[in-house]
Amino acid sequence: VAGGYDPRLTENVEHHLELETLARKLDIIDRTVFLRSITNDQRLLLLENTSILLYTPENEHFGIVPVEAMYMGAIVIACNSGGPLESVDHGKTGYLLPPNKEEWSNKIARILNSSQEEQEDMKAAAKDKVKRIFTFDVFADQLDELLQRMVQEKFKQ
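Residues numbered from 1 in each chain as written. Predicted model: local features only at pLDDT ≥ 70, side-chain atom pairs only at ≥ 80, totals over all residues. Heavy atoms only, no water.

*Asks:* How should the pattern of salt bridges be read in this particular structure?
*Replies:* It is possible for side chains bearing opposite charge to pair when their charged atoms get close. What the rule picks out here adds up to seven salt bridges. D30 serves as the salt-bridge partner of R31, at 4.0 Å between the closest nitrogen and oxygen. Two residues, K129 and D89, come together in a salt bridge whose shortest N-O distance is 2.8 Å. Here K129, found in helix α6 (residues 116-133), pairs with D89, found in the loop between α4 (84-87) and β5 (94-97); they are 40 residues apart in sequence, far enough to count as distant. The class of K129 is buried, set by a relative accessible area of 4%. (Salt bridge = Lys/Arg side-chain N within 4 Å of Asp/Glu carboxyl O. Helix = DSSP H or I, 4+ residues; strand = E, 2+ residues; numbered from the N terminus. Buried < 20%, exposed > 50% of the residue type's maximum accessible area, 1.4 Å probe, protein only.)

*Asks:* What am I meant to see in the environment of A124 here?
*Replies:* If you trace the backbone, A124 turns up in helix α6. Using a relative accessible area of 47% as the deciding quantity, one classes A124 as partly exposed. Between the C-alpha atom of A124 and that of K92, which follows or precedes it by 32 residues, the distance is 9.7 Å.

*Asks:* Looking at this structure, how should I read the nonpolar core?
*Replies:* In terms of nonpolar packing, the biggest core is built from 13 residues, with L53, A69, M70, V76, A78 and V88 touching the most fellow members. Counting residues per element, the ones that place at least two in this core are β3 (52-55), α3 (64-72), β4 (75-79) and α6. At three residues, the largest contribution of residues to this core is made by α3. In this view, L53 contacts L47, V65, A69, A74, I75, V76 and I77; residues no more than four positions away in its chain are not counted. Core analysis: the second largest hydrophobic core is formed by nine residues, I77, C79, L97 and I111 among them. (Core = buried A, V, L, I, M, F, W, Y, C linked by side-chain atoms within 4.5 Å. Contact = heavy atoms within 4.5 Å.)

*Asks:* Please clarify how the sheet that holds β5 should be interpreted in this entry.
*Replies:* Two strands in a sheet stick together by hydrogen bonds in their backbones, pointing the same way (parallel) or opposite ways (antiparallel). Spatially, the three strands line up as an open sheet ordered β3-β4-β5, and their pairing is parallel. Taken across any chain shown, the strands that pair with only one partner, and hence form the sheet edges, are β3 and β5. On average, adjacent strands in this sheet sit at an angle of 15° to one another, irrespective of strand direction. As paired strands, β4 and β5 are joined by four bridges and run parallel to one another. In the strand pairing of β5, V76 is matched with G94. Most of the contacts of α3 go to β3, to which it runs at about 175°, and overall it touches β3 and β4. (Pairing = 2+ DSSP bridges. Axes fitted to C-alpha atoms, helices over the stretch in contact; angles between N-to-C directions.)

As far as function goes, none of this settles anything; it's purely spatial.
Rendered as structure tokens:
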């Protein structure tokens, strides 16, 4: 379990404690690692070695983590709200699900039981979407196009 962590934020401290308590209750604490405030290198290493990324925030703003995971070859399961609605195409580049543990666990099981070819097809579609929509070059081209239209509109007046 990896993510940002600020000990000054009560919500961060409480949530981490809640997760540790749950891991103990489920008797998986000895097989669970909590990585708080990871470095960029750690993040890249984790994403390179992740098959399925679970993005649990609800109503999160854009959310760069699913995009990074898709680019690095992970299948993303995210809440069906907020930023992932823009970045994840349900059933094509990942999955958007309500925050329901049964649905998430069923989807994880289906992914793990699917063929390697099906998994690789989804990963390829996800990486392709990131390249088509979220790269710096695409952003620069869109910004340039927008600025050109603005200039043209200005001179029409």
